[in-house]
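Letter by letter, the chains look like this.
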Amino acid sequence: MKTIELVDLFEYLKTKYLYSFVNINIQFKSVKRGRARYLTNSITIPLWILNYPIEYQYYYIIHEVTHFIAIYQGHNDMFKQKEKELLNEFGLIPIYNRVYIKQLNGINGDVKYKRNWL
Ligand SMILES: [Zn+2]
């Protein structure tokens, strides 16, 4: 299953950005939406993302991890800036609609993911 790859991504991000946290764990669950919980140092990722393009899956993991990098920032500009930097690191350019993305492009402008609702 693809989640192995995503766990690798998480481990990479954890080593690079979350080293100051004791032990953040990630769980893939049958839930409606993901969450980053500061009290339990845990990230929950919904299983439905596996039906989406890999780039979107990366975005989802990066989004939740960014909640621990830009801690207690909610979805403010600082959060978005950090999230954008991380996505760029993986060759992804986000196009936002308020808080969340509506599209992900590659560095050549090719569309990797586009939300099918407005
Ligand atoms: Zn969020």
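The structure presented is a predicted model; accordingly, all values stated were derived computationally and were not measured. (Residues numbered from 1 in each chain as written. Predicted model: local features only at pLDDT ≥ 70, side-chain atom pairs only at ≥ 80, totals over all residues.)

Student: So what exactly am I meant to see when it comes to the sheet that holds strand E2 (residues 35–37) here?
Tutor: Two pairing modes exist for strands in a sheet, parallel and antiparallel, and in both the strands are linked by backbone hydrogen bonds. Taken together, three strands build an open sheet; the order of strands is E1-E3-E2 and the sheet is mixed. The two strands at the open ends of the sheet, each matched to only one other strand, are strand E1 (25–29) and E2. When strand polarity is set aside, the average angle formed by the axes of neighbouring strands in this sheet is 20°. For E2 and strand E3 (residues 42–46), the ladder comprises three bridges, and the chain directions are antiparallel. (Pairing = 2+ DSSP bridges. Helix = DSSP H or I, 4+ residues; strand = E, 2+ residues; numbered from the N terminus. Axes fitted to C-alpha atoms, helices over the stretch in contact; angles between N-to-C directions.)

Student: I would appreciate a short explanation of the pairing of E3 in the present structure.
Tutor: Regular strands place side chains that alternate from one sheet face to the opposite one. What you see with E3 is a clean split: Ile43 and Ile45 sit on the buried side and Ser42, Thr44 and Pro46 on the side with no burial. In this sheet, E3 lies alongside E1 in parallel orientation, the contact comprising five bridges. When the sheet's bridge partners are listed, phenylalanine 28 is paired in E3 with isoleucine 45. (Buried ≥ 20, exposed ≤ 12 C-beta atoms within 10 Å, placed from the backbone.)

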